[in-house]
Amino acid sequence: MARMAGRRALFAAPVLLVVTFGVFAVAAASPFDPVKAYTGTAGLTATQENLDQIRANLGVDQPLVTRWWNWLMSALQGDLGNSSVLRRPVAEVVGERIGWSALLAVTAFAVAILLGTALGVLAARRRGGWLDRCVSSAAYTLEAAPAFWLGLLAIWFFALEVGVLPAGGLTDTASDVVTFGQVASHLVLPAAVLGISQLPWFFLYVRQGVADALDEDPVRGARARGLGEPTVLLGHALRSGMLPMLTLIGSRVPELITGALLVETVFSWPGIAAATVQAATSVDFPLLAALTVLATAAVLAGNLLSDVLYGLADPRVGFDG
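Below: a short report on this structure. Computed from a predicted model, the values in this text were never measured in an experiment.

1. Observations concerning the overall build of the chain
Move 1: Looking only at helices and strands, the chain features 13 helices and zero strands.
Move 2: Reading the chain from its N terminus to its C terminus gives the helix and strand order α-α-α-α-α-α-α-α-α-α-α-α-α.
Move 3: In the chain, which comprises 321 residues, the proportion classed as buried is 38%.
Move 4: Sequence separation of at least 24 residues holds for 74% of the intrachain contacts in the chain that already meet a minimum separation of 6.
Move 5: As displayed, the chain offers around 16800 Å² of accessible surface, 66% of which is attributable to carbon and sulfur atoms.

2. Some thoughts on the nonpolar core
General note: in soluble globular proteins, nonpolar side chains tend to be found buried as a group.
Move 1: L104, L194, F202, V210 and V263 are the most contacted members of the largest nonpolar core, which totals 41 residues.
Move 2: Of all elements in the fold, only α5 (90-125), α7 (147-161), α8 (180-214), α10 (229-241) and α11 (243-267) reach the threshold of two or more residues within this core.
Move 3: Counting residues per element, this core draws most heavily on α8, at 13 residues.
Move 4: One finds F24, V90, I272 and A290 within the second-largest nonpolar core, a separate group that totals 23 residues.

3. Comments concerning the environment of I257
Move 1: Locating I257 in the fold gives a position in helix α11.
Move 2: When near neighbours in sequence (up to four residues on either side) are disregarded, I257 contacts A295, A298 and V299.

4. A short note on the pattern of salt bridges
Move 1: Within this structure, the stated rule accounts for three salt bridges.
Move 2: Across the pair E96 and R88 runs a salt bridge whose closest N-O atoms are separated by 2.9 Å.
Move 3: With a shortest N-O distance of 2.7 Å, R207 and D132 are connected by a salt bridge. With R207 in helix α8 and D132 in helix α6 (residues 130-143), this pair connects stretches of sequence that are 75 residues apart.

The rules we used
- Residues numbered from 1 in each chain as written.
- Predicted model: local features only at pLDDT ≥ 70, side-chain atom pairs only at ≥ 80, totals over all residues.
- Heavy atoms only, no water.
- Helix = DSSP H or I, 4+ residues; strand = E, 2+ residues; numbered from the N terminus.
- Buried < 20%, exposed > 50% of the residue type's maximum accessible area, 1.4 Å probe, protein only.
- Contact = heavy atoms within 4.5 Å.
- Areas by Shrake-Rupley, 256 points an atom, 1.4 Å probe, with all protein chains shown as cover.
- Core = buried A, V, L, I, M, F, W, Y, C linked by side-chain atoms within 4.5 Å.
- Salt bridge = Lys/Arg side-chain N within 4 Å of Asp/Glu carboxyl O.

See the structure below:
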């Protein structure tokens, strides 16, 4: 396992370098002017000399490679620079938002995996039954449903029509104190929406994997030995059927990140969505590069997690092979 993790780390380093350079290259080719975004309406009356001085202070007057290299060297020393739009240190902006985004993503992923696995096992046990047909039809429908549409639908029904859950935010409108109860109640809708948007793939993979495992000789032998149905399903069929699903975890991380940005925006969740949008539209080089590196690192970590889980679930797979 250690050797595999080491190889992945060596592979991740050049990937992150290419990604960060790509961010600066795309930003350099963008028609948006970071100086205009920084000055706002004051830039309309500023002299060209003042604008040039601001451009020099922001470092955007330097060549592309120079800007990227200076940012990279500072980042390796722990200095991610200052956001030109939010006018705060990038590390501070990311630090106060990343925890809320991680809470939402982890909760939603847990909902998708646990609920998708449970429904997949039940559907595979009675293939062609009413539960299998209903859940499979719903899964295929949800595959085509955008996360933001599910979020708006959830707000309309649960917040406006029924009134049992808050429509968004982190705390109640009249409260200025963050409490566990308020965070939990405000987390229900965005986490459920994001989790349900990811659920179809886990359900379909588990359903197919468990259904195939139930037809294999080891499972038939377990039933012939008189083992109970729960033991056959959970101890034999599920373990074999979940192997393909474990590889799905890594491939769903990019979609999870994209969905999280949309869901955070719909529910006004105080994560990194708003900062990402501001950084992209305002060509905020330091903030955009830091957020992109975080997203890329999450994808690489998801792929590593998939390999580790697959190796732990199937002893025949060698970590160092």
